[in-house]
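# Report on the structure
In case you want the letters, here they are:
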Amino acid sequence: MVDVPSDIRALSDERVLAVTWGDRKADFPFVFLRGQCACAQCVNEWTGEQILDPATIPAEIAIARMELVGSYAVRIYWSDGHNSGLFTWERLHELSKGGC
Ligand SMILES: [Zn+2]
C-alpha cells in the first residue's frame, strides 16, 4: 500500500508532474506519463497490449487539470482531451522506480 502523496502538482514550465511522498520526490515528464496511461482506450484490457502509439503523443501535451479519486488515485485531464486514465499512487510509485 502506497501512501497518499503529500504533494502533487503539474509544473507547466518544466512539463513534469511533481509527486512528493514525504522526503521522496519524483518528476514525471508529461509525455512519458501520457504514454503510461493504462485505461481501456490506451491498453487492451485482455492482452495488456498497448493500443496507444506513444509516437502520436504531441510533445506539447500538458495537463489541463487533475482530480483526486478517493484517496488512492488521481485522474488527469490531458490537453489532448483524454481523461479516462487513472493513475494510482501505487502506479506512480512503480513508475518512479523505473528511473525517470
Ligand atoms: Zn488512456
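In this report, the structure presented in the accompanying data block is examined.

Reading the values: the criteria
- Residues numbered from 1 in each chain as written.
- Predicted model: local features only at pLDDT ≥ 70, side-chain atom pairs only at ≥ 80, totals over all residues.
- Helix = DSSP H or I, 4+ residues; strand = E, 2+ residues; numbered from the N terminus.
- Buried ≥ 20, exposed ≤ 12 C-beta atoms within 10 Å, placed from the backbone.
- Pairing = 2+ DSSP bridges.
- Axes fitted to C-alpha atoms, helices over the stretch in contact; angles between N-to-C directions.
- Contact = placed C-beta atoms within 7 Å.

## Points about unusual backbone geometry
Peptide bonds are trans in most cases, and residues, glycine excluded, mostly fall at negative phi. Even without being a glycine, Arg15 presents a positive backbone phi close to 55 degrees. Note on placement: Arg15 falls in the loop between β1 (7-11) and β2 (16-21). For Arg15, a count of 18 C-beta atoms within 10 Å puts it in the partly exposed group.

## As for the sheet that holds strand β3 (residues 24-29)
Ordered by their spatial adjacency, three strands build an open sheet running β1-β2-β3, and the pairing between neighbours is antiparallel. A strand with exactly one partner marks an edge of an open sheet, and here the two such strands are β1 and β3. For this sheet, the mean angle separating the axes of adjacent strands, direction not counted, is 15 degrees. For β1 and β2, the ladder comprises five bridges, and the chain directions are antiparallel.

## Quick look at the sheet that holds strand β5 (residues 73-78)
The sheet built from three strands is open, its strands ordered β4-β5-β6 with antiparallel pairing. Both edges of this open sheet fall to β4 (63-69) and β6 (86-88), since each of them pairs with a single strand only. For this sheet the average axis-to-axis angle between neighbouring strands, irrespective of direction, equals 30 degrees. Sheet topology places β4 next to β5; six bridges connect them, and they run antiparallel. Within β5, the position partnered with Leu68 by the bridge is Val74. In the packing of helix α2 (residues 89-96) onto the sheet, contacts are made with β5 and β6, and the angle to β6 comes to roughly 75 degrees.

## As for the environment of Tyr77
Mapped onto the elements, Tyr77 comes out in strand β5. Overall, the presence of 16 C-beta atoms within 10 Å leaves Tyr77 in the partly exposed class. Along the backbone, Tyr77 and Cys42 are 35 residues apart, and their C-alpha atoms lie at a distance of 14 Å.

## A few points about the environment of Thr20
By the element assignment, Thr20 lies in strand β2. Those residues in contact with Thr20, other than ones at most four positions away along the chain, are Pro5, Ser6, Asp7 and Lys25.

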